[in-house]
Amino acid sequence: MQQTANAPKIGSKSIGVADRDTPLLRNYWYVAAFSDEITREPMRRTILEEDIVFYRKEDGTPVAAQNRCPHRSFPLHTGTVKGDRLVCGYHGMEFNADGSCAHVPALNAAPRAIRLDTYPLEEDGPLLWIWMGDPAKPDYSRLVRQEWCTSPEWAYVKGQMYMKANYLGLHENLMDLTHFPFLHGKWNIARPEHAAAPAKIEEEGDVIRQSETHDDVDMPPAIVEAAGMKGPFNREAHHLVQMPGMHQGMQVTVDSSDPPKRDVQHIIHIMTPETRTSTHYLWAMARNNAIDDAELSAQIQVVGDGAFTEDKVALEDIEELVARDRRPGFREKIIKTDEGGIRVLRLFARLAEREQAAEPEAREAVAAE
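What counts, and at which threshold
Residues numbered from 1 in each chain as written. Predicted model: local features only at pLDDT ≥ 70, side-chain atom pairs only at ≥ 80, totals over all residues. Heavy atoms only, no water. Pairing = 2+ DSSP bridges. Helix = DSSP H or I, 4+ residues; strand = E, 2+ residues; numbered from the N terminus. Axes fitted to C-alpha atoms, helices over the stretch in contact; angles between N-to-C directions. Core = buried A, V, L, I, M, F, W, Y, C linked by side-chain atoms within 4.5 Å. Buried < 20%, exposed > 50% of the residue type's maximum accessible area, 1.4 Å probe, protein only. Domains from an automatic or database assignment. Contact = heavy atoms within 4.5 Å. Disulfide = S-S within 2.5 Å. Salt bridge = Lys/Arg side-chain N within 4 Å of Asp/Glu carboxyl O. Polar contact = N/O pair within 3.5 Å; in protein donor to acceptor, adjacent residues only side chain to side chain.

Draft legend 1. Spotlight on the sheet that holds strand β1 (residues 29-34). If you walk across this open sheet you meet the three strands as β1-β10-β9, and the pairing is antiparallel. The two strands at the open ends of the sheet, each matched to only one other strand, are β1 and β9 (121-124). The sheet shows a mean angle of 30° between the axes of neighbouring strands, taken without regard to direction. Judged from the five bridges that link them, β1 and strand β10 (residues 127-131) form a sheet pairing that is antiparallel. Note that in β10 the partner of Tyr-30 across the bridge is Ile-130.

Draft legend 2. Geometry of the nonpolar core. By size, the foremost hydrophobic cluster in this structure holds 80 residues, and its most contacted members are Phe-54, Ile-130 and Phe-348. Broken down by element, this core gets its largest block of residues, eight residues, from helix α5 (residues 339-368). Among the domains, domain 1 (37-138) and domain 2 (147-350) are the pair contributing at least three residues each to this core. Each residue touching Phe-54, except ones within four places of it in the same chain, is listed here: Ala-32, Ile-38, Glu-41, Pro-42, Met-43, Arg-45, Ile-47, Val-63, Ala-64, Leu-121, Leu-128 and Ile-130. Tyr-55, Val-63, Val-104 and Leu-116 belong to the second largest nonpolar core, which has 15 residues in total.

Draft legend 3. Structural view of the state of the cysteines. Tallying each qualifying case throughout the model produces zero disulfides. Cys-69 supplies the cysteine sulfur nearest to Cys-101, a cysteine that is in no disulfide, at a spacing of 8.5 Å.

Draft legend 4. Structural view of the pairing of strand β16 (residues 262-275). Burial runs high along β16: 12 of the 14 residues are buried. Note that strand β15 (residues 246-254) and β16 share nine bridges and pair antiparallel. In the strand pairing of β16, Gly-249 is matched with Ile-267. Of the pairings in the sheet, the one linking β16 to strand β17 (residues 278-287) comprises 10 bridges and is antiparallel in character. The residue of β17 that forms the bridge with Met-271 is Tyr-281. The antiparallel hairpin formed by β16 and β17 contains two residues in its connecting segment.

Draft legend 5. Representation of the sheet that holds strand β14 (residues 233-243). Pairing is antiparallel across the open sheet formed by seven strands, whose spatial order is β11-β17-β16-β15-β14-β13-β12. A single partner strand is all that each edge strand has here, and the edge strands are β11 (155-163) and β12 (199-204). Going across the sheet, the axis of each strand differs from the next one's by a mean of 15°, ignoring polarity. Of the pairings in the sheet, the one linking strand β13 (residues 207-217) to β14 comprises eight bridges and is antiparallel in character. Within the sheet, the bridge partner assigned to Glu-212 lies in β14 and is Ala-237.

Draft legend 6. Focus on the pattern of salt bridges. Applying the stated criterion to the full structure yields 19 salt bridges. Close ionic contact of Lys-82 with Glu-94 constitutes a salt bridge, the shortest N to O distance being 2.5 Å. A residue pair is termed long-range when its members are at least 10 positions apart, and Lys-82 in strand β5 (residues 80-82) and Glu-94 in strand β7 (residues 94-95) qualify at 12 residues. With a relative accessible area of 46%, Lys-82 lands in the partly exposed category. Across the salt bridge formed by Arg-350 and Glu-203, the nearest N and O atoms sit 2.9 Å from each other.

Draft legend 7. Here's a closer look at helix α1 (residues 167-174). Counting buried residues along α1, seven of its eight residues qualify, which places the element largely inside the surrounding structure. Those residues of α1 that sit buried are Tyr-167, Leu-168, Gly-169, Leu-170, His-171, Asn-173 and Leu-174. Between the side-chain oxygen of the N-cap and the backbone nitrogen of Leu-168 there are 2.6 Å, and the N-cap of α1 in question is Asn-166.

Draft legend 8. Seen up close, the pairing of β14. Note: β14 against β15, eight bridges, orientation antiparallel. Each bridged residue has a counterpart across the sheet, and for Ala-237 the counterpart in β15 is Gln-251.

What follows is the structure in structure tokens.
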């Protein structure tokens with residue numbers, strides 16, 4: 001269906017923005033799992049369409065390797081860990097943590113030609129990061145550590161869920177606070193009038209920042225009491241996108257005391273693509289007030305689980321409809337408050353184009369070695 005001359009002039013998504021057909025970005029760190037998920041028992045997780053097995057060595061060091069035995073493609077996560085070796089459950093082949101073959105029972109040997117691909121990992125507090133680019137060249141400058149999850153001055157709660165939707169939709173969702181009073185109305189985190197709050201957006205290189213201010217917001221009573229704050233409260237919401245697998249949010253709430261008191265919360269959204277239509281969604285919420293208050297942590301956990309599940313359901317509903325409703329001329333309309341999300345999609349489209357352009361050069365370099 002062609003756009004008519006009197007179509008709304010509010011804009012439509014078009015070329016130049018990342019979508020479900022955009023290649024997944026590989027040369028970045030992604031959160032593979034929460035650290036406490038990885039044990040001595042092999043665990044399977046698909047990341048960027050690659051089936052991976054995780055386990056820990058005897059000294060606690062995490063290991064990530066391809067979850068596919070090079071002999072007969074048997075899934076290695078169904079095997080066992082013996083010492084520091086991963087043992088295939090089909091023919092008993094043993095693999096060292098570096099992927100090299102340690103023993104083939106049928107041959108009573110360890111052929112060098114049999115080995116597993118392995119992945120660089122970095123453990124930082126509750127987060128286990130994985131490098132999905134060239135394993136020989138992990139770029140640690142692209143690792144974004146979350147110090148509020150490791151500092152004793154902060155308390156955090158965390159959660160995770162599996163989302164049958166593209167990770168880009170979650171980035172758009174998080175840059176858009178106008179949905180809060182409607183999709184998340186039961187949690188009293190915003191009112192309808194907050195939807196019209198203007199956003200300030202800054203873009204520098206491959207980093208996007210967005211901020212909004214909401215007046216007369218609600219605060220959890222436990223934090224109000226612990227911090228000695230008094231209403232009314234105003235809140236600044238800050239967003240930072242500097243990598244495909246994470247959206248960093250921060251809320252700064254200021255009260256009406258003289259001088260004003262502040263409450264700061266970091267809200268970390270982790271989106272690790274499984275495929276182009278499914279995502280591992282992990283999150284953490286950290287605070288620097290009432291850090292020893294277990295009841296407050298439980299309240300925040302309930303709100304986080306509830307609100308982020310509502311996002312998951314909404315994005316899965318969108319994904320299902322997009323897959324089923326094939327309208328060749330359909331383009332999503334965009335309005336002014338979508339600017340932050342659109343900028344993120346344009347950024348990821350540029351990064352994907354840049355990465356794809358560099359791939360032939362990388363292959364030629366490897367061939368020349």
